[in-house]
Protein chains: 2
Amino acid sequence: MFMKVGVIGTGITKFGELWDKSLRELLAEAQLKSLEEAKISPKDVEMIFTGNMCADALSGQLHIGAMASENLNLNVPSTRIEGACASGALAIRAGLQAIESGAAKIVQVNGVEKMTDVSVEQVTTALMGAGDEEVEGFAGATFPALYALMARAYMKEFGLTREELAAVPVKSHKHGSMNPIAQFQREITVDDVVNAVMVSDPLTLMDCSPITDGASSIILASESIAKKLNPEAVWIVGSSQATDTLALSARESLTEVKATRLAAEKAFKQAGITSKDVHLAEVHDCFSIAELLAIEGLGLAKKGEAGKHAAAGFHYFDSKIPINTCGGLKACGHPIGATGVKQAIEIVHQLQQMAGKRQVKKAEIGVTQNVGGTGATVVVNVFKR
Amino acid sequence: MFMKVGVIGTGITKFGELWDKSLRELLAEAQLKSLEEAKISPKDVEMIFTGNMCADALSGQLHIGAMASENLNLNVPSTRIEGACASGALAIRAGLQAIESGAAKIVQVNGVEKMTDVSVEQVTTALMGAGDEEVEGFAGATFPALYALMARAYMKEFGLTREELAAVPVKSHKHGSMNPIAQFQREITVDDVVNAVMVSDPLTLMDCSPITDGASSIILASESIAKKLNPEAVWIVGSSQATDTLALSARESLTEVKATRLAAEKAFKQAGITSKDVHLAEVHDCFSIAELLAIEGLGLAKKGEAGKHAAAGFHYFDSKIPINTCGGLKACGHPIGATGVKQAIEIVHQLQQMAGKRQVKKAEIGVTQNVGGTGATVVVNVFKR
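Rules used in this analysis
- All residue numbers refer to positions counted from 1 along the written sequence of the respective chain.
- Here chains are named by letter from A upward and ligands by number from 1 upward, in the order in which they appear as written.
- Under the rules for a predicted model, residues below a pLDDT of 70 receive no local features and side-chain atom pairs below 80 are neither given nor counted, while totals for whole chains, interfaces and linings still include all residues.
- Values shown for side chains rest on all heavy atoms present in the structure; no hydrogens or waters enter the calculation.
- Numbering of helices and strands runs from the N terminus; a helix is a DSSP stretch of H or I covering at least four residues, while a strand is a stretch of E covering at least two.
- Computation of the radius of gyration draws on C-alpha atoms, with the globule rule given as 2.2 Å multiplied by the number of residues to the power 0.38.
- Under the scheme applied here, a residue whose accessible area is under 20% of the maximum for its type counts as buried, over 50% as exposed, and between as partly exposed, the area being computed with a 1.4 Å probe on protein chains only.
- Any Phe, Tyr or Trp ring, taking Trp's six-membered ring, that has another such ring centre within 6.5 Å forms a pair; planes under 30 degrees apart are called stacked, those over 60 apart edge-to-face, and the others tilted.
- Here, over-ring charges are defined by two tests on the NZ atom of lysine or the CZ atom of arginine: distance to the ring centre within 6 Å, and angle to the ring normal within 35 degrees.
- Any two residues whose heavy atoms approach within 4.5 Å at even a single point are treated as in contact.
- Least squares is the method for superposing the copies, and the C-alpha atoms it fits come from residues with pLDDT of at least 70 in both.
- Each salt bridge in this description consists of a side-chain nitrogen of Lys or Arg and a carboxyl oxygen of Asp or Glu lying within 4 Å of one another.
- Residues adjacent in sequence count toward polar contacts only when both atoms are side-chain atoms; beyond that, a polar contact is any pair of N or O atoms within 3.5 Å, and within protein one must be able to donate a hydrogen and the other to accept it.
- Accessible area, probed at 1.4 Å, shrinks when two parts are joined; the buried area is that loss added up over both.

Draft legend 1. Structural view of the overall build of chain A. What chain A contains, in helices and strands, is 15 helices and eleven strands. Taking 21 Å as the expected radius of gyration for a compact globule of 385 residues, we find that chain A reaches 19 Å, a close match to that expectation. Expressed along its principal axes, the backbone C-alpha trace of chain A runs to roughly 55 × 45 × 40 Å. Counting the 385 residues in chain A, one finds 70% classified as buried.

Below, the structure is given as structure tokens:
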């Protein structure tokens, strides 16, 4: 039996190239904001979990757990969680389990990544740590190349066109233009995507999420505490995680992310919902093709149909099934560890009717899907007002 | 209220320079051994947590969670936990919380580190990720240097002599000589320690734990399942974690590891014991001085007295308060992520009277103390037969 847990505060920094802020400063800024929104003081925090992927490779800094508690001048249990690009949602899961176990009643969950102080080559190499280093890294694969393979296979199997795929980032940039913290707030066209510089055929620069600095933070509380502290609390009513092989080449299919389906089935069951009940979702669009695979994995479209839905405009904030209203990883930016927590924040704000210009009208049940690697880790969380 | 959790199986590789085994192979070996000892099959494992610190820097591999579930051909939730050298014990804590939350009844907890494929300089740099990179790393500090500062301060405050300090590794090597998996199984003398090459004054090579490859694994189960599956199960009856500043220079004292005291107080309270009830302990002797600080932090000696106890031989397996009967980090070796789980395995074996030549006679309550950095994270777990 899954015990629901409340989100009673959120905090997020601007996402972008933040050369004047350090890893620690970004983390601290988000941490203080979530405390402020929850109207609690640091000493109310009993435990901290922080998602981060690349601080070792990009800043020479591990042990972010201790940094997070030091930022609040606390001595509480504080741990870094890593599962590649799913690190943020995994940190949320750790927070849920801490509360459900009775070990804590109020937990802070953070995500942080500082990526723009080094070269693009260093970042690309660091990100390959999410794949299978022996099988994929040594062979010279990069993540754009691996997702390009998935895109090619999907195009061949389902007849997806280049233009249909381009509808994904076009929609993301439209949403980003309405999100003040987004890295890119400029709209783009299908032509912009198709004619952008090629990264890994068929994926152009406009199919690829950017390199980003940023941090995000939420405060989780047990049901009784959350009800007391915040009448606007949003509830996490389902949470699941599934894994698959590290290497793409070892998977059963290139056109399905099995771990998404497995995680969604369990999380939806815990929440007592089906995919039909989902009003909006934040999914892991590290590359355009990943968004389509996510939508299908969550059961929000049949296999092979998500591209047509995208091209038909179904995924805009004011359409049938709003996807990535924050702008997604593509336009909001993708500070790796911060992304999973940011997805939760966007859903919380939507469910609280606090999403401003990009507010979804009917937003009572929202879902996040956060992916590590090419689908070796997937976390699905379900939120309810 | 802390719910006790059973350890129903253990698995560990040889510790040492294992050039013929990869990170994945080491992890898989330990994983399969713990399943074998618990007499369960991979599909009985509902969740996996794996402690690892440096695989990113030393092998280019993150996302060890997915690797661990792939090794067992599973799709279950599987997460990497990192808190520098305390990663292993933090993974155990994650496993405890998963079981206590009701999310799983059987959990595998692993630790792994592959350190000897690169240069000593690369390892030393990677390990600095455990400290404060901005304050300590940029200033050129290394971990031997930071612990040397602590040793000097302790010598000045409590009159500890060079020979008394040397008693720590002499005892560790004696214990290591009785442990078939230990990296060093050769006894050494006080003279060997004092006259060894200086690493960071006053710490010589023989005061420093080595660079090691290795992996360790345990199977945790809820009380009812553990009782059913293994009548010899050892119980974790208390577990706590505390944090302190990342940088040594920001601490209140150089001669006390405050986080050890804080974590021990809570863990002992959960277990319903005091330090007087502890029969044996595995503590984090990354450097000789660290063992003395750990013993005092656990309340097993008064401040300033642990060195005299060491010199008087109190900490041998057949003496008053056996410490690090496996040989400790110094002689057994220190494959970072594997260490915290290995400490648990040694205590489990002692409590099961399965520790061979180094068996402690009265071994009913044992404690592990695992440290990250210079004390920025400390985990204390209490085990009972």
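Having put the structure on the table, let's press on.
Draft legend 2. Structural view of the packing of aromatic side chains. Residues and elements named next belong to chain A. This structure, assessed with the given rule, holds six aromatic pairs over all chains. Every member of this aromatic cluster is reached through a ring pair, and the members are Phe143, Tyr147 and Phe287. The ring of Trp235 carries the charged tip of Lys4 above its face, separated from the ring centre by 4.5 Å.

Draft legend 3. Spotlight on the side chain of Glu100 of chain A. In this fold, Glu100 of chain A is placed in helix α4 (residues 87–100). Not counting residues within four places of it along the chain, the set of residues in contact with Glu100 of chain A comprises Phe2, Met3 and Val5 of chain A together with Glu100 and Ser101 of chain B.

Draft legend 4. Looking closely at the relation of the copies chain A and chain B. Here chain A sits on chain B after a turn of 180° about the axis and a move of 0.0 Å along it, with an RMSD of 0.0 Å. Taken together, the turn and the small shift mark the pair as related by a two-fold rotation axis. Residue Ser101 of chain A, judged by its C-alpha, is the member of chain A lying nearest the rotation axis, at 1.8 Å. Mapped onto chain B, 100% of the interface residues of chain A again fall at the interface, so both copies present the same surface.

Draft legend 5. View of the pattern of salt bridges. Under the criterion given, the structure shown has 40 salt bridges over all chains. For Lys258 of chain A, the salt bridge goes to Glu252 of chain A, with nearest N and O atoms at 2.9 Å. Given the relative accessible area of 16%, Lys258 of chain A is considered buried. Arg261 of chain B is the partner of Glu256 of chain B in a salt bridge, and the nearest nitrogen-oxygen pair spans 2.8 Å. Within this structure, Lys4, Glu223 and Lys227 of chain A form a network of salt bridges that share partners.

Draft legend 6. Region of interest: the side chain of Gln241 of chain A. Looking at the element boundaries, Gln241 of chain A is found in strand β8 (residues 234–243). Given the relative accessible area of 4%, Gln241 of chain A is considered buried. Of the polar contacts made by the side chain of Gln241 of chain A, one reaches the side chain of Arg93 of chain A; its length is 2.9 Å. A polar atom in the side chain of Gln241 of chain A sits 2.9 Å from the side chain of Thr79 of chain B. With residues near it in sequence (within four places) discarded, Gln241 of chain A still touches Leu90, Arg93, Ala263, Thr377, Val378 and Val379 of chain A together with Val76, Pro77, Ser78 and Thr79 of chain B.

Draft legend 7. Spatial organisation of the interface of chain A and chain B. The interface is formed by 55 residues belonging to chain A together with 56 residues belonging to chain B. Summing both sides of the interface, chain A and chain B together bury roughly 4,000 Å²; the carbon and sulfur share of this comes to 45%. Three residues, His63, Asn75 and Glu82 of chain A, lead the burial of chain A against chain B; their summed loss comes to 17% of the area buried on that side. One can count four salt bridges joining chain A with chain B. A salt bridge links Arg24 of chain B to Asp132 of chain A, with the shortest nitrogen-to-oxygen separation between them at 2.8 Å. Taken together, the connections running from chain A to chain B amount to 30 residue pairs in polar contact (both at pLDDT 80 or more). Among the secondary structure elements, those contributing two or more residues to the side of chain A that touches chain B are β2 (47–51), α2 (55–59), α3 (64–71), β3 (78–82), α4, α6 (133–137), β8 and α11 (258–271) of chain A.

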